[in-house]
2 protein chains.
Amino acid sequence: MRGQHSATLDDVARAAGVSRATASRVITGQGPASARSRDRVAQAVAKLGYVPDAAARALASRSGTRLAIAVIGHTAAILDDPYVGRVLTTAAHIAAEREVGVSLHWVPLGASLATLAGSHNLGGLVVVNPTQPALHTVPKAMRGRTAAIGVGTKDVPSFDVDNGSGTDGVVRHLVNTGRRRIAMVTGPSWLPCVDRARDAYQQIMRDSGRETRVVSGDFTAARGAAAAKEIMTRWPDTDAVFALSDLTALGVLDGLHAQGIRIPADVAVAGFDDIAFACLSRPALTTSTHPVEEIAAAAARAVLDRGDTGQTTFFPSTLVVRESA
Amino acid sequence: MRGQHSATLDDVARAAGVSRATASRVITGQGPASARSRDRVAQAVAKLGYVPDAAARALASRSGTRLAIAVIGHTAAILDDPYVGRVLTTAAHIAAEREVGVSLHWVPLGASLATLAGSHNLGGLVVVNPTQPALHTVPKAMRGRTAAIGVGTKDVPSFDVDNGSGTDGVVRHLVNTGRRRIAMVTGPSWLPCVDRARDAYQQIMRDSGRETRVVSGDFTAARGAAAAKEIMTRWPDTDAVFALSDLTALGVLDGLHAQGIRIPADVAVAGFDDIAFACLSRPALTTSTHPVEEIAAAAARAVLDRGDTGQTTFFPSTLVVRESA
DNA sequence: CTCACACATGGAAGCGCTTCCATGGCAATA
DNA sequence: TATTGCCATGGAAGCGCTTCCATGTGTGAG
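Residues numbered from 1 in each chain as written. Chains lettered and ligands numbered in written order. Predicted model: local features only at pLDDT ≥ 70, side-chain atom pairs only at ≥ 80, totals over all residues. Heavy atoms only, no water.

Going by an unreviewed UniProt entry, chain A carries the name LacI family transcriptional regulator and comes from Lentzea aerocolonigenes.

Structure below.
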């Protein structure tokens, strides 16, 4: 500790022969400074290997420079899902372009975001899979710099995949290819997007005079395998299964396979998300795209660039027909 | 929540009728405080919805409370790989237990870690896939709170999968099941773990009088597909392919498949990592485990709990035999 | 040659918090 | 009752930085 203190702005100012105020101006690029001062400060910075202290900076300027990603209501199973990782890596890239850092926070379902968002060193907040109540716990001061991936509020713009029409596309494809008894495996019931998708499914089924067969899921592969068994037990004549997550669909594939059911000959299987592995499975998975990177980038940009507030932007999901359906 | 500014410690102290010092002691739990003070402060905190400012706290206490994860030399392809996501989510959990946040930072190969690590608001640093030079750019003040996932230095403890013996296990399995002409698809050449694995492979091949067939890879599925073609073109009689990454192995599976090659009848395929999808592919992938969560947890704990420095801990990798080999 | 005006500059006041230190009160001891 | 010691307490000094403001210094105009 002693002696090895890293250089402070004072050290730089002293070495450059200017005041701390001038050094600060030069380094932040805000305010006037003569060419001479600029040079000397730049040299001092280089010589001392000066690195501004983010904490002090955030405190003094009252405007933090970090993008926080809060993931609501996660479960351990999320570890297997590339989803959060994709959101995060994308956000990190967008943030890096603007020289801001990114941080990840798990927020239990029902917990407040105040602790997280009440910090001076936050530049923005992206809430993944929020609930409306959760969004209301965001302090006013942070409202203008918050975006949601999922549902939003009138203050918080949101970005999400249009899985209503995505589901529509998938189910219609199933119908058009002659499937008659189509079951659906949903996701966590507290997610609004799950409702949208289920509604779309039920709509089509009813419109075409078909029976609806819904089993609830949790986006995991394990649940998919279990759901496959459940479905074939309750409705043995099922000839298609649509899962609202590719991971789950892959699990369904596995569960069906274990029962000796041929895909797609006996039962068609379709997923949602078009994850990287969808084209690697045997049979390759028919699914609908989920432009996670685009969505995450839009959300990150919205908070970093102070975009409009309280709008919901839906990103289109397009059908990808492969072998499983 | 009322007014523009959120409550400060001063507001709490005033509301509780104590000094700021006392309020601070109560809130941090450090130092003495009478039951009466504790009560009044707790009430004031609840009433005002007080949330400590992380920046100010880090600045004043000179000890940040955030775990930074720096990923070295990433490429966009890493987006498809659950690896970083798994490290991150695990670290986030460990960190959350200690009420510290986590941040993610991309660091280009060859860049310095000084900017990142020179901040007062950092509680610890975990460097993923570091190079030795990169580790040397970590400021001394941060050395004791830094860990590496991959190679370490004498100051920085490191945690990694023992892919030397893991590779050993896989290749031996290939040999024992009658494969004679075994090719290997490696990973990025700048990663030390790639060297260890390749060495292990070459050792066995030489020891058993076999020819080595090495193709370099980058851990992506796309490269795996390309490598499959390359291998079968250069060495048409190859009867087994070992890829140092499941993602790549999945790509190999795909590439081989496209050439009408049967797996494992014609060519056996084995991967490394045992990712969630390994058991979902057709045929299910034979591989060797990579306990990413354990490794990440150990690294996170090492920096958060100030563990020993400069040690390398290898985590065992065990063979998982499925259908592809 | 003077006046005004712009601009670069340094002093100083914080940002919200922790922590050292001196003080005062109180119970236990003599 | 006088003394010791401990503990709760508040005052005050920063942590490293930004930024307001008053002060010089040089320029162009009058």
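Peer 1: Talk me through the overall build of chain A; I want residue IDs and the actual numbers.
Peer 2: Across its full length, chain A carries 13 helices and 12 strands. A principal-axis box enclosing the C-alpha atoms of chain A has dimensions of 85 × 35 × 35 Å. Within chain A, counting contacts between residues at least 6 apart in sequence, those at least 24 apart form 69% of the total. In the structure as shown, chain A presents an accessible area of about 13400 Å², 51% of it carried by carbon and sulfur atoms. Averaging the locations of the 34 positively and 30 negatively charged side chains of chain A gives two centres separated by 9 Å. (Helix = DSSP H or I, 4+ residues; strand = E, 2+ residues; numbered from the N terminus. Contact = heavy atoms within 4.5 Å. Areas by Shrake-Rupley, 256 points an atom, 1.4 Å probe, with all protein chains shown as cover. Lys, Arg positive; Asp, Glu negative; His and termini not counted. Charge placed at Lys NZ, Arg CZ, Asp CG, Glu CD.)

Peer 1: Hey, could you go over helix 12 (residues 246-258) of chain B for me, with residue numbers and the actual values?
Peer 2: Residues and elements named next belong to chain B. With 13 residues, helix 12 should cover 18 Å at 1.5 Å per step; its first-to-last C-alpha distance of 18 Å lies within 8% of that length. Burial analysis of helix 12 places 10 of its 13 residues in the buried class, the great majority of the element. Considered for burial, the residues of helix 12 that qualify are Asp 246, Leu 247, Thr 248, Ala 249, Leu 250, Gly 251, Val 252, Leu 253, Gly 255 and Leu 256. Looking at the packing, one finds that the buried side of helix 12 touches strand 6 (182-185), helix 11 (221-234), strand 8 (240-243), strand 9 (268-270) and strand 10 (287-288). Following helix 12 by one or two positions, Gly 260 has its phi on the positive side, about 75°. (Expected span 1.5 Å × (residues − 1). Buried < 20%, exposed > 50% of the residue type's maximum accessible area, 1.4 Å probe, protein only.)

Peer 1: Now, about the protein's contact with DNA strand D: what can you tell me, with residues and values included?
Peer 2: Contacts to DNA strand D come from 28 residues, most closely from Leu 9 and Tyr 50 of chain A together with Arg 25, Pro 32 and Ser 37 of chain B. Within the side chain of Arg 57 of chain A, a nitrogen or oxygen atom sits 2.9 Å from a phosphate oxygen of DNA strand D. Elements represented by at least two residues in the surface near DNA strand D include exactly helix 2 (20-28) and helix 4 (54-61) of chain A together with helix 2 (20-28) and helix 4 (54-61) of chain B. It is helix 2 of chain A that contributes the most residues to the surface near DNA strand D, five residues altogether. Across the surface near DNA strand D, the residue classes tally to 12 nonpolar, nine polar and seven charged. (Near = heavy atom within 4 Å. Polar contact = N/O pair within 3.5 Å; in protein donor to acceptor, adjacent residues only side chain to side chain. Nonpolar A, V, L, I, M, F, W, Y, C, P; charged D, E, K, R; others polar.)

Peer 1: Break down the interface of chain B and chain A for me, with residues and values.
Peer 2: Between chain B and chain A, the residue contacts involve 44 residues of the former and 45 residues of the latter. Applying the counting rule to chain B against chain A returns zero salt bridges. Mapped by element, the contributors of at least two residues to the side of chain B that touches chain A are helix 4, helix 5 (82-97), strand 2 (101-107), helix 6 (114-117) and helix 12 of chain B. No other element matches helix 5 of chain B, which puts seven residues into the side of chain B that touches chain A. A breakdown of the residues in the side of chain B that touches chain A according to their chemical character gives 23 nonpolar, 13 polar and eight charged. (Salt bridge = Lys/Arg side-chain N within 4 Å of Asp/Glu carboxyl O.)

Peer 1: Quick rundown of the pairing of strand 3 (residues 124-128) of chain B? Include the residues and the values.
Peer 2: Each regular strand carries side chains that alternate between the two faces of the sheet. Residues and elements named next belong to chain B. Across the five residues that make up strand 3, a large majority, five, are buried. Both faces of strand 3 are covered, namely the face carrying Gly 124, Val 126 and Val 128 and the face carrying Leu 125 and Val 127. The pairing of strand 1 (residues 66-72) with strand 3 spans five bridges and is classified as parallel. Opposite Ala 68, over in strand 3, you have Leu 125 as the bridge partner. Note: strand 3 against strand 4 (residues 146-149), four bridges, orientation parallel. Following the sheet pairing, Leu 125 is matched in strand 4 by Thr 146. (Pairing = 2+ DSSP bridges.)

Peer 1: Tell me what's going on with the relation of the copies chain B and chain A, and back it up with residues and numbers.
Peer 2: Its rotation angle being 180°, the transformation that places chain B on chain A also includes 0.1 Å of axial translation and leaves an RMSD of 0.2 Å. Both copies are brought into coincidence by an operation consistent with a two-fold rotation axis. Most of the interface of chain B is mirrored in chain A, where 98% of its interface residues are also at the interface. (Least-squares fit on C-alpha atoms with pLDDT ≥ 70 in both.)

Peer 1: Go over the protein's contact with DNA strand C, please, and point to the residues and values.
Peer 2: Among the 28 residues in the neighbourhood of DNA strand C, the closest are listed as Arg 25, Pro 32 and Ser 37 of chain A together with Leu 9 and Tyr 50 of chain B. The sugar-phosphate share of atoms of DNA strand C within 4 Å of the protein amounts to 62%. Measuring from a phosphate oxygen of DNA strand C, one finds a side-chain N or O atom of Ser 37 of chain A at 2.6 Å. Taking Arg 57 of chain B, its side chain carries an N or O atom lying 2.8 Å from a phosphate oxygen of DNA strand C. If you list the elements that add at least two residues to the surface near DNA strand C, you get helix 2 and helix 4 of chain A together with helix 2 and helix 4 of chain B. If one sorts the elements of the surface near DNA strand C by residue count, helix 2 of chain B sits on top with five residues. Of the residues contributing to the surface near DNA strand C, the split by class is 12 nonpolar, nine polar and seven charged.

Peer 1: Any details on the sheet that holds strand 8 of chain B? Residues and values, ideally.
Peer 2: All names here are of chain B. One open sheet accounts for four strands, arranged 7-6-8-9; its pairing is parallel. Each edge of the sheet is formed by a strand with only one pairing partner; in this case those strands are strand 7 (213-215) and strand 9. Averaged over all adjacent pairs, the angle separating strand axes in this sheet is 20°, with direction ignored. Bridge analysis of strand 6 against strand 8 gives four bridges, and the strand direction is parallel. Within strand 8, the position partnered with Met 184 by the bridge is Phe 242. Contacting strand 6 and strand 7, helix 10 (residues 192-207) runs over the sheet at an angle of about 170° to strand 6. On the sheet, helix 11 packs against strand 6, strand 7 and strand 8 and is oriented at approximately 145° with respect to strand 7. (Axes fitted to C-alpha atoms, helices over the stretch in contact; angles between N-to-C directions.)

Peer 1: Describe in detail the state of the cysteines, supporting the description with residues and values.
Peer 2: What the rule picks out here adds up to zero disulfides over all chains. For Cys 279 of chain A, which is in no disulfide, the shortest distance to another cysteine sulfur is to Cys 279 of chain B and amounts to 17 Å. (Disulfide = S-S within 2.5 Å.)

Peer 1: Tell me about the sheet that holds strand 9 (residues 268-270) of chain A, residues and numbers included.
Peer 2: All names here are of chain A. Spatially, the four strands line up as an open sheet ordered 7-6-8-9, and their pairing is parallel. The open sheet terminates on both sides in strands that have one partner only, identified here as strand 7 (213-215) and strand 9. Recorded for the sheet is a direction-independent mean angle of 20° between the axes of neighbouring strands. The strands touched by helix 9 (residues 163-176) within the sheet are strand 6 (182-185), strand 8 (240-243) and strand 9, with strand 8 carrying the most contacts at an inclination of about 170°.

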